[in-house]
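Listed below are the residues making up each chain.
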Amino acid sequence: HSGHEGAIKKLDCWKGDIVHITSAGSDGTVRIFNFENGKYLRRCQGHTGGINCVKVSEDEDVRKALVCTGGQDCTVRLYYLVSGRPRFTMEGHKFPVMAVNFMDAMGGYTGVAVSIDTSGEIRMWNRETGDCLRTFDSPPPFANIWAKKKKTIVIEE
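This one's a predicted model, so the numbers in the text were calculated from it and none came from an experiment.

Visitor: I keep staring at the nonpolar core and nothing clicks. Help me out?
Guide: If you look at the biggest cluster of nonpolar residues, it comprises twelve residues: W14, A24, V30, I32, C44, I51, V54, V56, A65, V67, Y79 and L81. Secondary structure elements with two or more residues in this core: β3 (29–34) and β5 (51–56). I51 has contacts with K9, A24, G25, S26, G28, T29, V30, T69, G70 and G71, leaving out every residue within four places of it along the chain. Core analysis: the next-biggest nonpolar cluster, separate from the first, contains eleven residues, C53, V76, L78 and F102 among them.

Below you can see the structure in the form of structure tokens.
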């Protein structure tokens, strides 16, 4: 089965010898397609709810390229692009994960996946071990500083 059984939430691609298109769906799977010929290649599965975001690493070697996903199930998952097999499931978020990305280096860390959930909490993950390297707590709730108080305008006749 090559198509999603629900809405497609996000797309990303790996640009190498063969461009791979990845689509994240509300059916809890990522589908991978060959861009040149449009053929379905494989799927990544494991989330227990919809997938909100997907990002493919920029590794030059397709054998090292990873697919990172974040889902309604509050997990971040890494899969191998070339096989679709799971690499790691990273747990710790308490709210649905809405965005994921990869970073080459930051603060001495290399090979990092980054995720943010709906509360604003950011987590950095080691893509080689799946360990959480650092958590940035969500900011405290703040007042809407852009909201302006309503002013009553009285027009005198």
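Visitor: Explain the pattern of salt bridges here, please?
Guide: Should the charged atoms of two oppositely charged side chains come close, the side chains can pair. Inspection of the entire model under this criterion finds eight salt bridges. Two residues, D61 and R63, come together in a salt bridge whose shortest N-O distance is 2.9 Å. Where R127 meets E128, a salt bridge forms, and the shortest distance between an N and an O atom there is 3.6 Å. Put simply, D59, R87, R127 and E128 are held in one network by salt bridges that share partners.

Visitor: Can you walk me through the sheet that holds strand β4 (residues 40–45) in this structure?
Guide: Across a sheet, paired strands are connected by hydrogen bonds in the backbone, their directions being either parallel or antiparallel. Pairing is antiparallel across the open sheet formed by four strands, whose spatial order is β1-β2-β3-β4. Across the chains shown, the open sheet's two edge strands, defined by having one partner strand only, are β1 (8–14) and β4. Each strand axis lies, on average, 20 degrees off the axis of its neighbour in the sheet, ignoring direction. Pairing geometry for β3 and β4, over five bridges, is antiparallel. When the bridges of β4 are listed, I32 appears paired with R42.

Visitor: Teacher, can you tell me more about the layout of surface pockets here?
Guide: Its boundaries defined by the atoms lining it, the largest pocket holds a volume of some 180 Å³. Lining the largest pocket are K55, V56, S57, E58, D59, N101, F102, M103, D104, G111 and R127. If you list the elements that add at least two residues to the lining of the largest pocket, you get β5 and β9 (97–106). For the lining of the largest pocket, the element with the most residues is β9, which contributes four residues. Split into classes, the residues belonging to the lining of the largest pocket amount to three nonpolar, three polar and five charged.

Visitor: Where do I start with the sheet that holds β5 in this structure?
Guide: Strand order in this open sheet of four strands is β5-β6-β7-β8, and the pairing throughout is antiparallel. Of all strands in the sheet, those with a lone pairing partner are β5 and β8 (86–90), marking the two edges. When the angles between neighbouring strand axes are averaged without regard to direction, this sheet yields 15 degrees. Both strand β7 (residues 76–80) and β8 contribute to a ladder of four bridges, which runs antiparallel. Residue L78 lies in a different strand from β8, and its bridge partner there is F88.

Visitor: Explain the environment of G49 here, please?
Guide: Its location among the elements puts G49 in the loop between β4 and β5. The spacing of G49 and G28 is 21 residues in sequence and 5.2 Å in space, taken between C-alpha atoms. Leave out the neighbours within four places in its chain, and G49 touches S26, G28 and D73.

Visitor: I keep staring at unusual backbone geometry and nothing clicks. Help me out?
Guide: Most peptide bonds take the trans form, and the phi angle of most residues other than glycine is negative. Its identity is not glycine, yet C74 carries a phi of approximately 70 degrees, on the positive side. Structurally, C74 is set in the loop between β6 (66–71) and β7. By relative accessible area, C74 is classed as buried at 15%.

Reading guide: rules and limits
- Residues numbered from 1 in each chain as written.
- Predicted model: local features only at pLDDT ≥ 70, side-chain atom pairs only at ≥ 80, totals over all residues.
- Heavy atoms only, no water.
- Core = buried A, V, L, I, M, F, W, Y, C linked by side-chain atoms within 4.5 Å.
- Buried < 20%, exposed > 50% of the residue type's maximum accessible area, 1.4 Å probe, protein only.
- Helix = DSSP H or I, 4+ residues; strand = E, 2+ residues; numbered from the N terminus.
- Contact = heavy atoms within 4.5 Å.
- Salt bridge = Lys/Arg side-chain N within 4 Å of Asp/Glu carboxyl O.
- Pairing = 2+ DSSP bridges.
- Axes fitted to C-alpha atoms, helices over the stretch in contact; angles between N-to-C directions.
- 1 Å grid on protein atoms, 1.4 Å probe; cavity = no way out; pocket = protein on both sides within 12 Å on 5 of 7 lines; lining within 4 Å.
- Points joined across faces, edges and corners; volume = space filled by probe spheres on them.
- Nonpolar A, V, L, I, M, F, W, Y, C, P; charged D, E, K, R; others polar.

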